[in-house]
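Structural description and commentary
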Amino acid sequence: MQLREKKSKQMACPAPALKDLPKVAVDLKSELEGFKSANLKNADTQEKIILPSAEDVAAEKTEKALIEGIERFDASKLKHTETLEKNPLPDKEVIEQEKGQQKLISGIENFDTSKLKHTETCEKNPLPSKETIEQEKSS
């Protein structure tokens, strides 16, 4: 009984004094006092409850069943297997071809152009004479 009395005393808060209440502007106060609920328009409220489709329910059930199957899985039923890794190494011929390609590429990349000799290019493009051109035109 004493607990109830203490709780009721704690819960009962004294009402604030009139002077402590917030002040309302005079024009707003007059509007609030003159408010009539009959002036409000009637509005129909529509509650939209979207239920999941049958496909959504079925998908959720299958997902739940799958998760339950994974959770209840018994690892003691698994059989031991040995994995045989097959990593065939390349033949000697393939290794030699690859080494040859690498040597060729490194030879090109590391080529020293200072060892080249200077040469002069001479274009040899004999043009036909005027007589030969005339003969071709007339034939």
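The shown structure was predicted, so the numbers you read here are calculated from the model rather than taken from an experiment. (Residues numbered from 1 in each chain as written. Predicted model: local features only at pLDDT ≥ 70, side-chain atom pairs only at ≥ 80, totals over all residues. Heavy atoms only, no water.)

**Notes on the overall build of the chain**
Worth spelling out the cut-off: The way it works is that DSSP assigns letters per residue, a run of H or I at least four long becomes a helix, a run of E at least two long becomes a strand, and they are numbered from the N terminus. For a compact globule the rule gives 2.2 Å times the number of residues to the power 0.38, and the radius of gyration it is set against comes from C-alpha atoms. Type-normalised accessible area, obtained with a 1.4 Å probe on protein chains alone, sets the label of each residue: buried when under 20%, exposed when over 50%, and partly exposed for intermediate values. His is not counted here, nor are the chain ends, while Lys and Arg score as positive and Asp and Glu score as negative. Here the site of a charge means NZ on Lys, CZ on Arg, CG on Asp, or CD on Glu.
Broken down by element type, the chain carries 5 helices and 0 strands. Walking the chain from its N terminus toward its C terminus, one meets helices and strands in the order α-α-α-α-α. Its C-alpha atoms give the chain a radius of gyration of 50 Å, clearly above 14 Å, the size a compact globule of 139 residues would have. Along the first, second and third principal axes, the C-alpha set of the chain runs to 130 × 70 × 45 Å. Expressed as a percentage of the 139 residues in the chain, the buried residues total 0%. Taking the average location of the 24 positive side-chain charges in the chain and that of its 27 negative ones, the two points are 11 Å from each other.

**Looking at a nonpolar patch on the surface**
Filter applied, for reference: Within the patch definition used here, like charges are joined within 9 Å and nonpolar side chains (Val, Leu, Ile, Met, Phe, Trp, Tyr) within 5 Å, considering only residues with over 30% relative accessible area and no salt bridge. Per-residue and other accessible areas follow the Shrake-Rupley method at a 1.4 Å probe size, with only the shown protein chains counted as cover for residues. Each reported salt bridge corresponds to a side-chain nitrogen of Lys or Arg within 4 Å of a carboxyl oxygen of Asp or Glu.
Nonpolar side chains collect at one region of the surface, where Val24, Leu28 and Leu32 lie side by side and expose about 280 Å² of accessible area between them. By secondary structure assignment, the location of Leu28 is in helix H2 (residues 26–33).

**Quick word on a negative patch on the surface**
On the surface, Glu55, Asp56, Glu60 and Glu63 cluster together into a patch of negative charge. Topologically, Glu55 is positioned in helix H3 (residues 54–71). You can call Glu55 exposed: its relative accessible area is 65%.

**A look at H3**
Formally: By this rule, a helix spans an expected 1.5 Å times one less than how many residues it contains.
Taking 1.5 Å per residue, 18 residues should reach 26 Å; H3 reaches 26 Å between its end C-alpha atoms and fits that length. In terms of burial, H3 is largely open, as just 0 of its 18 residues are buried.

**Comments concerning the confidence of the model for the chain**
Threshold: Confidence per residue, as judged by the predictor, is encoded in pLDDT with a range of 0 to 100.
Residue-level pLDDT values for the chain average 83, and 91% of them are 70 or greater. Looking across the chain, the model is least confident in helix H1 (residues 2–11), with a mean pLDDT of 52, and most confident in H3, with 94.

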